[in-house]
Number of protein chains: 2
Amino acid sequence: MSRYNLDWKVGYSSDPSVRPERFVPASVPGAVQLDWARAEGWPHYWQDSSIERYRWMEDMYWIYEAELSFEDLGENKRLFFVSRGIDYRFLVRVDGKTVYGQEGMFTPVEIDLTEDADDGSLLQVIVFPIPVFGDGKGRSEARASVKPAVSYGWDFHPRLVPSGIWRETYLEIRSDRHIRELSFNYTIDEDLSRVLLDLCVELNQACSGLLEWNLLHPSGEVVDGQSISLGSDAIVDGTCEVHDPDLWWPREYGDQPLYLLHVSLHDEAGRLIDERKQNIGFRRSRLVMNEGAWDEPQSMPLTRNAPPMTLELNGRRIFVKGSNWVAPDVFPGVSGEDAYRPLIEKAVGAHLNLLRCWGGSAVNKPSFYDLCDQMGIMVWQDFPLACNDYVESPEYLDTLDQESLSIIKQLKPHPSVVIWCGGNELFNKWSGMTDQSKAIRMLNRNCFTHDPDTPFLPTTPIMGVGHGGYLFRDVDGVECFELFRRARRSAYVEFGVPGPASVDRLSSLMEESELFPPRESGVWKLRHGFGAWEGDPESWLCVSTIEYYFGRSESIEELVEWAQLLQSEGYKALFEEARRQKPYCSMAINWCFNEPWPAVANNSIIAWPCDPKPSYRAVKQSCRPTLASARVKKFSWSQGEMFEAELWMLNDALHSIKGDRIEAYLQLDDEETFVLGWYFDSLEADENRMGPVLRFKIPEMLSQSFRLVLRVEARPDWNSEYTFCYR
Amino acid sequence: MSRYNLDWKVGYSSDPSVRPERFVPASVPGAVQLDWARAEGWPHYWQDSSIERYRWMEDMYWIYEAELSFEDLGENKRLFFVSRGIDYRFLVRVDGKTVYGQEGMFTPVEIDLTEDADDGSLLQVIVFPIPVFGDGKGRSEARASVKPAVSYGWDFHPRLVPSGIWRETYLEIRSDRHIRELSFNYTIDEDLSRVLLDLCVELNQACSGLLEWNLLHPSGEVVDGQSISLGSDAIVDGTCEVHDPDLWWPREYGDQPLYLLHVSLHDEAGRLIDERKQNIGFRRSRLVMNEGAWDEPQSMPLTRNAPPMTLELNGRRIFVKGSNWVAPDVFPGVSGEDAYRPLIEKAVGAHLNLLRCWGGSAVNKPSFYDLCDQMGIMVWQDFPLACNDYVESPEYLDTLDQESLSIIKQLKPHPSVVIWCGGNELFNKWSGMTDQSKAIRMLNRNCFTHDPDTPFLPTTPIMGVGHGGYLFRDVDGVECFELFRRARRSAYVEFGVPGPASVDRLSSLMEESELFPPRESGVWKLRHGFGAWEGDPESWLCVSTIEYYFGRSESIEELVEWAQLLQSEGYKALFEEARRQKPYCSMAINWCFNEPWPAVANNSIIAWPCDPKPSYRAVKQSCRPTLASARVKKFSWSQGEMFEAELWMLNDALHSIKGDRIEAYLQLDDEETFVLGWYFDSLEADENRMGPVLRFKIPEMLSQSFRLVLRVEARPDWNSEYTFCYR
């Protein structure tokens, strides 16, 4: 089997039957917008303040062309055109003849061109104008397509809808006998002592010869395998058995062993014709009832109990510390391992164990899931539906059927993918879908049929789960501290506090004159600093919240410092409160982890492309397996008030920890005062412990802030500190 | 095609390979228990106070035998053994040779015996011991089978588990070319102006000849049809189109037109070989959001909105007034149209528009659904799962898959079946299943794949829906009046108030000496008068509740009268309160309608077999489309208290109603006092109206009860009356 890359160029036309007059070099995988912009010499779109200039491209047919060039196929060989993904609706033509058509960017294309193409033939991919539903503006335009809704504009994403070949695309010369597809399914005995692996090899045709498969332990040792003579069936089923399997664990819970399934096809003489290699990590994922959830409600007329949201991996309940992952680029075609790896390493560095791949964005490329498999980061995968009432037309449902099956097939082999979810916020008012919506019922069906052992959520939030808030202080003046203290949710799957990008980044995005003071116009508005979210007209810079606590800033540096402090302290309060609510609460997944282009302000803890904000370090502090923690009811304190902090030890480590002594200090102006000492007894694995409440009358201060510091005598790595506002 | 009934006999053996020594005549369809009891001369089980004597039968293999007797098949004919249902696990043998085996009572059996049987052959059906899971007692024994859980003992049902041939069973001689199956699916245009019917005819083999289909309007007129020459396919797809279809409506909303689909198979000479006739009623059923449900919740962290529970038929929202249907006999094999018809007529008579076929009982025979189609009674069909955590073994899931597909196939053609539901109370603590349970995900999948246009509920209650209470006054002293006043549920799918059978019936069930006073023993206990339900040790007679209001009764007549009064007034309060909560509330479905054997007391409004209790008349009053209604906070009043009643006009009629005047009277001892008059303006179709609150100080009385009477001047058919307790 050999592969040939093609030399692509691209042009546009308002009529698909009319060949463009001008072609420009095309980067594949990529997007037509990027190719055209490059040819035109426009600034990178992420620095461009004229995003509107891309708009006309949406209405065009974009025509990719490449001249085929390949050596004589020889005997028993066939020529395939393979694309892992073309966005969104397209035709494939060879020398003017249409050989294929498809709607949907997640379903790979494999076309046997042997009969249609010759050396020198012209291959064309005609990409249709982007799908637009109705005459709405914004996300509702995505209501009738399986296209990431975020591209139509979001509170952190410009209206900029990618188009074109976005995944690896090449010619492939294959033997006329080859493996078309390798799939597998496994079950693990209830006591985890044995894995039964069923594999299915689909050949392109029934043929004679030999099929061999071997399952290799990560050490390289063959665990099980078989070799069979082929006969009249093009589909061959086989099994492997693994006793005492080394299971795949999320990080901080164990290792990430990946077995290798090696399948090879041999001819009658034993010569290798084709082979496939597939990594497999064995794990059992379940959603089980949250502790206490069976005990409510109690009163007639009884309704149902809250659905299960506690993730159990390999029989162990795991408190999810996670973050919402969005596409790391407006154009998913340009993202790959280079973009994914440093970001996922950041997730590891912050002690996160799960990324929720949010349904507004495109499903990532395989390398994302490979990295998560290797690094022990669990994935909650939304299907590409978000905040819309998707239509029930047969056309949409057919496309969703095809696309969801492709997504399941591509992601199912990854042990890291532990939860399927129908999409984002679909059962809420602003979307309008319900349990009866056919799209959701179909996704349940497809997941159940093809990956029945991985949990499926119809959407998020479901009953008992919380999304929000997204502000440090909401429009009614309620602080995030207070919001979570009074909340009782089985899982917090989105919650956020906004923070600005660094001054350096801001400076790179706009003229000096625009930088300060920020105004609701120009780059500040385009890049989501003002009016980005309907929940607060000041989102996401939230200037008046900063002023409420710290007064008017005198420079961009001061403004950014205060705003980043709010984000940091807000995230600490939220993550730690969610952890304190364990075990009734089972997940803390903030909104959001990263961002697809440089926003001036956003709930993300990492600025584009991979630049941690101070809040990243705050999240990292709050997500350590073991830490001293303070529960404080509010952020801002005045002279004479009685400051209160409830001391806690938080622990979700695998092992018990020794008792120790926490000392609590207040740092007021330049003075540090010892306030309280607490000896805590040893804690079991995964046990939290509530401690005493310290009280201290706030004196007059010069500074606008003060700090609470918790020091653990023998374990300074468990120390924590919190900053509060004095006003 | 000709059918032959068989002359069956039955015997038992502890070893399926050993032929029983004794056979007794078998009534088919029926149950082995009934055959044996008849032969032994036992009393009817419904009068028998020794139900334990049936217990040993559960552990036996029951062997049915019949000698085949048929004329020479002749050329081109084949002999089939057909059974519409055998309960539960069984083998079929011909002359000692096993020709078929199955687990599951809802999947029909069709076996081609042509090669195996001759005139005079011995046909045997070997029914296995009943399925029992674990060593539990009661419903949990049903955890691993698709067998009605009610048979294992319930608060209104004895532990008595039917076994044997329960549906029509016969020999059939068919042409060697015949129609194996006719199925159809239809879609209705959004504006209801057109139906597209897809039909699929499966022949037993590809053959030449002609296939013709015609769709006939209820008037007999042919609406659409076609005739095609057969060729190489055994499966033939066709379509029919109906413009301006006459839609099927629930009663009081329109007519119940049934079209007829007639499919005929002809040989090359045009001679009729086989035919099928299928009634079809066209309707569109949806569950849509309850009014107001999108407006809650409002506060962060936001959870999902409550799921839709408002039934919309043909675009019209319909307030469901319904009742829970249980199998009308302990042995479903003996129930048929004769049992169903009078009961369904009672539902019609009480203005009910829906019966929920509860998942603890067996799915009914086809005549039940035919009658509902004809009489305009909608059906909510539970799958046969109830109050258990069904196992996830592959064996159970395979059986459930097969059985659910059979149930869907059998019921889907009925327009009356407007809701599928996974089963009863599965997501509650006492069951322990969740949204992640494979059984539920599979049912959702099967319904979506085969009947996607009918709503599916995973279970009931779902979020926002209420089940209970089941008492007039609960163990904490809360009256049902109060319970519903403070409740806010999207639908009340079960709620009940217990009441005893008539004195005549009670007398027929026990010795005179046992009759009064009732004690927790003997027939009173066996037949659910005491300790029947864990929610109240006194259920269902609830003697101390009766004594609480009316003191100790002096005779069985007095006791029954007071108890039936409580049931009647309780049901009025509950049904009318649910109606007042419209439109946020969309359903009032009481527990329960009928009962499977004579209970001494039960929440049913109809005593076995079809004997309406006084509460039936109360429900009938409260479910009239239009009525004057009083909202009163409690049942029992004392001298000097201020009696209050909020007046309402309730209207769910199709048409607006004229304004009128209600006069409210109190009947205290023998005196009637006018208290309040209320002129109400005209009401829109389906509009309720809240009126004034009347107040009246309770004087001293002699009687233990008093009445509130509402009279509507021009419409005495809207009058209502309520009885209260004076103490």
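Model, not experiment: these values are computed from the prediction. (Residues numbered from 1 in each chain as written. Chains lettered and ligands numbered in written order. Predicted model: local features only at pLDDT ≥ 70, side-chain atom pairs only at ≥ 80, totals over all residues. Heavy atoms only, no water.)

1. Here's the deal with helix 3 (residues 366-375) of chain B
Residues and elements named next belong to chain B. Within helix 3, 7 of the 10 residues are buried, leaving the element largely enclosed by the surrounding structure. Of all the positions in helix 3, only Ser367, Phe368, Tyr369, Leu371, Cys372, Asp373 and Met375 are classed as buried. For helix 3, the elements touching its buried residues are strand 25 (320-325), helix 2 (337-349), strand 26 (354-357), strand 27 (378-382), helix 4 (394-411) and strand 28 (417-421). Just beyond helix 3, the residue with positive phi is Gly376, at close to 75°. (Buried < 20%, exposed > 50% of the residue type's maximum accessible area, 1.4 Å probe, protein only. Helix = DSSP H or I, 4+ residues; strand = E, 2+ residues; numbered from the N terminus. Contact = heavy atoms within 4.5 Å.)

2. Side note on the packing of aromatic side chains
All names here are of chain A. A full pass over the atoms with the stated rule returns 104 aromatic pairs over all chains. Seen from their ring centres, Phe472 and Tyr549 are 5.5 Å apart, and the 90° between their planes marks the pair as edge-to-face. In this pair, Phe472 is assigned in the loop between strand 30 (465-467) and helix 6 (480-486) and Tyr549 in helix 10 (residues 543-550), connecting sequence segments 77 residues apart. Residue Tyr549 is classed as buried on the basis of its relative accessible area, which comes to 2%. Consider the rings of Phe472 and Phe635, whose centres lie 5.0 Å apart with planes at 80°: the pair is edge-to-face. With Phe472 in the loop between strand 30 and helix 6 and Phe635 in the loop between strand 37 (626-631) and strand 38 (636-637), the pair connects residues that are 163 residues apart, well separated along the chain. An aromatic cluster of three or more residues is present, and its members are Phe472, Phe481, Tyr548, Tyr549, Phe550, Trp562, Phe635, Trp637, Phe643, Phe706 and Phe724. (Phe/Tyr/Trp six-rings, centres within 6.5 Å; stacked < 30°, edge-to-face > 60°.)

3. Remarks on the interface of chain A and chain B
The interface is formed by 51 residues belonging to chain A together with 51 residues belonging to chain B. With both chains or domains summed, chain A and chain B bury close to 4,200 Å², and 56% of this area falls on carbon and sulfur atoms. The shortest N-O distance in the salt bridge between Asp295(A) and Lys429(B) comes to 2.9 Å. The interface formed by chain A and chain B holds 26 residue pairs in polar contact (both at pLDDT 80 or more) in total. Within the side of chain A that touches chain B, the residues separate by chemical class into 28 nonpolar, 14 polar and 9 charged. (Buried area = accessible area lost by both parts, 1.4 Å probe. Salt bridge = Lys/Arg side-chain N within 4 Å of Asp/Glu carboxyl O. Polar contact = N/O pair within 3.5 Å; in protein donor to acceptor, adjacent residues only side chain to side chain. Nonpolar A, V, L, I, M, F, W, Y, C, P; charged D, E, K, R; others polar.)

4. Quick look at the relation of the copies chain A and chain B
Superposing chain A onto chain B takes a rotation of 180° combined with a translation of 0.0 Å along the rotation axis, leaving an RMSD of 0.0 Å. Considering both components of the superposition, the chain copies are consistent with a two-fold axis. Residue Arg445(A), judged by its C-alpha, is the member of chain A lying nearest the rotation axis, at 2.4 Å. (Least-squares fit on C-alpha atoms with pLDDT ≥ 70 in both.)

5. Focus: a negative patch on the surface
Taken together, the side chains of Glu67(A), Asp95(A), Asp118(A) and Asp119(A) define an acidic patch exposed on the protein surface. Assessed through its relative accessible area of 52%, Asp119(A) is described here as exposed. (Patch = residues over 30% accessible without salt bridge, like charges linked within 9 Å, V, L, I, M, F, W, Y side chains within 5 Å. Areas by Shrake-Rupley, 256 points an atom, 1.4 Å probe, with all protein chains shown as cover. Lys, Arg positive; Asp, Glu negative; His and termini not counted. Charge placed at Lys NZ, Arg CZ, Asp CG, Glu CD.)

6. A word on the pattern of salt bridges
Under the counting rule described, the total for this entry stands at 96 salt bridges over all chains. As a salt-bridge pair, Asp717(A) and Arg715(A) come within 2.8 Å of each other at their nearest N and O atoms. Overall, the relative accessible area of 39% leaves Asp717(A) in the partly exposed class. One salt bridge connects Glu141(B) with Arg159(B), and the closest N-O pair in it is separated by 2.3 Å. Of this pair, Glu141(B) sits in the loop between strand 10 (122-127) and strand 11 (152-154) while Arg159(B) sits in strand 12 (residues 157-159), and the two are 18 residues apart along the sequence.

7. Topic: the sheet that holds strand 17 (residues 210-216) of chain A
Residue and element names in this part refer to chain A. Spatial strand order, 18-17-20-21: 4 strands in an open sheet with antiparallel pairing. In this open sheet, the two strands that pair with only one neighbour each are strand 18 (222-229) and strand 21 (272-280). On average, each strand axis in the sheet is inclined to that of its neighbour by 10°, with strand direction left out of account. Across 7 bridges, the pairing between strand 17 and strand 18 is antiparallel. Residue pairing in the sheet places Leu211 in a bridge with Ile228 of strand 18. (Pairing = 2+ DSSP bridges. Axes fitted to C-alpha atoms, helices over the stretch in contact; angles between N-to-C directions.)

8. Focus on the packing of helix 10 of chain A against helix 11 (residues 556-580) of chain A
All names here are of chain A. Where helix 10 contacts helix 11, the two axes come as close as 10 Å, and the packing angle between them is 90°. In terms of axis orientation, helix 10 runs roughly perpendicular to helix 11. Within the contact between the two elements, helix 10 uses Thr545, Ile546, Tyr549 and Phe550 and helix 11 uses Leu559, Trp562, Ala563, Leu565 and Leu566. (Parallel < 35°, antiparallel > 145°, perpendicular 65-115°, else oblique.)

9. Remarks on the pairing of strand 17 of chain A
Residue and element names in this part refer to chain A. Counted residue by residue, strand 17 has 5 buried out of 7 residues, so it is predominantly covered. Two elements, strand 17 and strand 20 (residues 259-266), share 7 bridges in a ladder whose sense is antiparallel. Along strand 20, the bridge assignment pairs Leu211 with Leu265.

10. Topic: the packing of helix 11 of chain A against helix 12 (residues 614-622) of chain A
Residues and elements named next belong to chain A. At a closest axis distance of 8 Å, the pairing of helix 11 and helix 12 adopts a crossing angle of 20°. Relative to helix 12, the element helix 11 lies roughly parallel. Every pair of crossing elements has a handedness; the one defined by helix 11 and helix 12 is right-handed. Residue-level contacts link Gln564, Gln567, Ser568, Tyr571, Lys572, Phe575, Glu576 and Arg579 of helix 11 to Pro614, Ser615, Ala618, Val619, Gln621 and Ser622 of helix 12. Its residues assigned to classes, the contact of helix 11 with helix 12 comprises 5 nonpolar, 6 polar and 3 charged. (Left-handed = near helix turned anticlockwise from the far one by under 90°.)

11. Observations concerning the nonpolar core
Ranked by internal contacts, the top residues of the largest apolar core, which has 140 residues, are Phe368(B), Leu385(B), Phe635(B), Phe643(B), Phe706(B), Leu708(B) and Phe724(B). Here this core takes 12 residues from helix 11 (residues 556-580) of chain B, the largest share from any one element. If sequence neighbours within four positions are ignored, Leu708(B) has contacts with Ala630(B), Val632(B), Phe643(B), Ala645(B), Ala664(B), Tyr665(B), Leu666(B), Leu694(B), Ser720(B), Glu721(B), Tyr722(B) and Phe724(B). Counting residues in each nonpolar core, the second largest holds 139 residues, with Leu343(A), Leu355(A), Cys387(A) and Phe706(A) among its members. (Core = buried A, V, L, I, M, F, W, Y, C linked by side-chain atoms within 4.5 Å.)

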